[in-house]
Amino acid sequence: MRTIRELLGTEEKVWFYIDSEEIWQDFLELAKDFRFGDLPREKWKSGYVIAVHSNGKMGHVPVFIWCMSFGDREGVPVKYDLRKIIDGEEKVICNAPHFRGRMIC
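Because the structure is a prediction, the values reported are computed rather than measured.

Caption draft 1: Structural context of the overall build of the protein chain. On a plain count of helices and strands, the protein chain comes out with 4 helices and 4 strands. Put simply, the protein chain runs from its N terminus to its C terminus through helices and strands in the order α-β-α-β-β-α-β-α. The C-alpha radius of gyration computed for the protein chain amounts to 14 Å, which stays within 12% of the reference 13 Å derived for 105 residues, consistent with globular compactness. In terms of overall dimensions, the protein chain has C-alpha extents of about 45 × 30 × 25 Å along its principal axes. Contacts in the protein chain between residues at least 24 apart in sequence constitute 58% of all its contacts with a sequence separation of at least 6. On the protein chain, roughly 7,000 Å² of surface is accessible, and the fraction owed to carbon and sulfur atoms is 51%. Averaged over its 16 positive side-chain charges, the protein chain has a centre that lies 4 Å from the centre of its 17 negative ones.

Have a look at this one:
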């Protein structure tokens, strides 16, 4: 399985889509060399999209931003589907937001 550092490569940051608590637990193992600011590991909260930066910091990406990033791709970080990485698939780039919604006025 690929490591987060391998997936970062020369990128400043990458985003990971995490679709379940099970995959979140796998992410925690992969991210043991990274951190959410100064928070101790036991205070980390799960999320659907996590940004991982080359300097070792991580942060949650709002689902709205994640969904909007599929329209205009200029300047958007590489997006990975963590389940595909865990499953050892060849194509691990996330090409769809996996969330649906609509505006109600």
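What follows continues from the structure just given.
Caption draft 2: Main features of the pattern of salt bridges. Inspection of every chain in the model, using the stated rule, returns 1 salt bridge. Ionic pairing is found between D19 and R83, a salt bridge with its closest N-O pair at 2.8 Å. Separated by 64 residues along the polypeptide, D19 in the loop between strand 1 (13-17) and helix 2 (21-30) and R83 in helix 4 (residues 82-86) bring together distant segments of the chain.

Caption draft 3: Geometry of the side chain of D81. Relative to the elements of secondary structure, D81 occurs in strand 4 (residues 78-81). For the buried residue D81, which engages in no salt bridge, the nearest side chain bearing the opposite charge is K84, 4.6 Å off. Among the polar contacts made by the side chain of D81, one reaches the main-chain amide nitrogen of R83 at a distance of 3.1 Å. Not counting residues within four places of it along the chain, the set of residues in contact with D81 comprises Y17, V92, C94 and H98.

Calculation criteria
Residues numbered from 1 in each chain as written. Predicted model: local features only at pLDDT ≥ 70, side-chain atom pairs only at ≥ 80, totals over all residues. Heavy atoms only, no water. Helix = DSSP H or I, 4+ residues; strand = E, 2+ residues; numbered from the N terminus. Rg over C-alpha atoms; globule rule 2.2 N^0.38 Å. Contact = heavy atoms within 4.5 Å. Areas by Shrake-Rupley, 256 points an atom, 1.4 Å probe, with all protein chains shown as cover. Lys, Arg positive; Asp, Glu negative; His and termini not counted. Charge placed at Lys NZ, Arg CZ, Asp CG, Glu CD. Salt bridge = Lys/Arg side-chain N within 4 Å of Asp/Glu carboxyl O. Buried < 20%, exposed > 50% of the residue type's maximum accessible area, 1.4 Å probe, protein only. Polar contact = N/O pair within 3.5 Å; in protein donor to acceptor, adjacent residues only side chain to side chain.

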